[in-house]
There are 2 protein chains.
Amino acid sequence: MAESHQPDDCSIQRTLDAIGDRWTLLILRDLFRGVRRFSMIQTDLGIARNLLADRLISLADEGVVKKVPYQDRPPRHEYHLTAKGRALSPALVALMRWGDDYYTDGGAPTELVHDECQTRLELQSWCTSCNSPVDPTHIRSAPGAGRVLSVTETEDV
Amino acid sequence: MAESHQPDDCSIQRTLDAIGDRWTLLILRDLFRGVRRFSMIQTDLGIARNLLADRLISLADEGVVKKVPYQDRPPRHEYHLTAKGRALSPALVALMRWGDDYYTDGGAPTELVHDECQTRLELQSWCTSCNSPVDPTHIRSAPGAGRVLSVTETEDV
DNA sequence: GATGGTTGGTTGCAAATCTAAACCGACCCG
DNA sequence: CGGGTCGGTTTAGATTTGCAACCAACCATC
């Protein structure tokens, strides 16, 4: 892409530049699930090998994954998530939850649960100051730039 | 994409099939911000007009947005998020937060805050049963399919 | 020590996708 | 009537992608 004419003035723009590729989030999903080797990912996803190689290089350049050797002579390595990569967990969870809610037809929804009580997890905005969850209608954008991420401006369908 | 050889067995796969396009999440960001008209979105994003038209049709087909007429004679309409579309809010927020955390260099981070106390928001997994936030290390995948979305299997970088 | 298998790629080409720019119909304004 | 806006569609050319074949390094085996 020619990098939108708006120089990336937005976190979402920057994020999508880094990981917004059609395959990248699926690769990350595999890494989260412990599928870490080139051929395992390739088999699991059915992605072309050259694309997988490219994506892994980009992800390593971005610092989202790192190569970790697991044997020497043939040099072989796995791709591990860095802290930056693991920080994507909420985003993956949110996307997964949305898929569960609206595309349940297929197969097992791969739901996420709290291991202590087996309850299905929600994803909540959390205010560390109030130490409580925040209703979406009380979310505003920060430095007063007038940009509101609103979920209430439209009526229900 | 040729729809991976794995028939979409995963919520993330299904989700990305629906909205995983390079532009689609940016279009949704605009809709969340109240940018709802064809030419406004086109100007804001710099997307080609045919692609924008295609994406909006797909999003309407998916039930993520709906066309809402705002004048009659020339028939003109806006694109509004449906409930299904608004349900993507946590995912957008999560992606935005990640961008804020790791790509702050550029400009104003467009942070999200709690409007009552102006505190920056975190995104938390929430157990409705325990009525409390859940630590990432206590997340397991649901119907015991052996698929764990783990954030702790690798060491820090 | 040749034969085959596994792993992690690279290369080349056809097919799909994207961009840019022109065009269009329905209207409004002066 | 001439010009401008809005919401697109069409076309043509550049870019990206997918697929398949190939390759190099090793191992295991006979």
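Residues numbered from 1 in each chain as written. Chains lettered and ligands numbered in written order. Predicted model: local features only at pLDDT ≥ 70, side-chain atom pairs only at ≥ 80, totals over all residues. Heavy atoms only, no water.

Engineer: Help me out: how do you make sense of the packing of aromatic side chains in this one?
Structural biologist: Residues and elements named next belong to chain A. Across all of its chains, the model carries five aromatic pairs over all chains by this definition. Counting every residue linked through ring pairs, the aromatic cluster contains Trp98, Tyr102 and Tyr103. The ring of Tyr70 is capped by Arg37, whose NZ or CZ atom sits 3.5 Å from the centre of that ring. (Phe/Tyr/Trp six-rings, centres within 6.5 Å; stacked < 30°, edge-to-face > 60°. Lys NZ or Arg CZ within 6 Å of the ring centre and 35° of its normal.)

Engineer: Sorry if this is basic, but what is going on with the protein's contact with DNA strand C here?
Structural biologist: Within the structure, DNA strand C sits among 20 residues, and Arg49, Arg76 and Tyr79 of chain A together with Leu51 and Arg73 of chain B are positioned closest to it. Close to the protein, within 4 Å, the atoms of DNA strand C belong to sugar or phosphate groups at a rate of 59%. At 3.3 Å from a phosphate oxygen of DNA strand C is found a side-chain nitrogen or oxygen belonging to Ser39 of chain A. Contact distances for DNA strand C include 3.3 Å between a phosphate oxygen and a side-chain N or O atom of Trp23 of chain B. Those elements that provide at least two residues to the surface near DNA strand C are helix H3 (38-45), helix H4 (49-62), strand S1 (65-71) and strand S2 (76-81) of chain A together with helix H4 (49-62) of chain B. (Near = heavy atom within 4 Å. Polar contact = N/O pair within 3.5 Å; in protein donor to acceptor, adjacent residues only side chain to side chain. Helix = DSSP H or I, 4+ residues; strand = E, 2+ residues; numbered from the N terminus.)

Engineer: Looking at this model, I keep getting lost on H3 of chain A. Mind explaining?
Structural biologist: Each full turn of the α-helix corresponds to 3.6 residues, which orients residues three or four apart in the same direction. Residue and element names in this part refer to chain A. Among the residues of H3, Ile41, Gln42, Asp44 and Leu45 are the ones counted as buried. Projection of H3 onto a plane perpendicular to its axis shows the buried side chains occupying an angular sector of 165°, all on one side. On its buried face, H3 is in contact with helix H2 (24-32) and H4. Backbone geometry just downstream of H3 places Gly46 in the positive-phi region, at approximately 75°. (Buried < 20%, exposed > 50% of the residue type's maximum accessible area, 1.4 Å probe, protein only. Arc of directions from axis to C-beta. Contact = heavy atoms within 4.5 Å.)

Engineer: What should I look at first to understand the environment of Asp30 of chain A in this one?
Structural biologist: All names here are of chain A. The residue Asp30 is located in helix H2 in this model. When the C-alpha atoms of Asp30 and Asp44 are compared, they prove to be 8.2 Å apart, with 14 residues separating the residues in sequence. Excluding anything up to four places from it in sequence, Asp30 contacts Val35, Ile41, Asp44 and Leu45.

Engineer: Explanation requested: the sheet that holds strand S5 (residues 132-134) of chain B in the structure shown.
Structural biologist: In a beta sheet, neighbouring strands pair by backbone hydrogen bonds and run either parallel or antiparallel. With respect to topology, four strands assemble into an open sheet ordered S5(A)-S4(A)-S4(B)-S5(B), the strand pairing being antiparallel. With one partner strand each, in any of the chains shown, strand S5 (132-134) of chain A together with S5 of chain B form the two edges of the open sheet. Within the sheet, the average angular offset between the axes of one strand and its neighbour, ignoring direction, is 65°. Two strands pair when backbone bridges link them, and strand S4 (residues 121-127) of chain A and S5 of chain A are joined in this way by three bridges, in the antiparallel orientation. Bridge pairing in S5 of chain A places Cys127 of chain A opposite Ser132 of chain A. Strand contacts of helix H6 (residues 89-102) of chain A: S4 of chain A together with strand S4 (121-127) of chain B, with the helix running at about 130° to S4 of chain A, the strand carrying the most contacts. (Pairing = 2+ DSSP bridges. Axes fitted to C-alpha atoms, helices over the stretch in contact; angles between N-to-C directions.)

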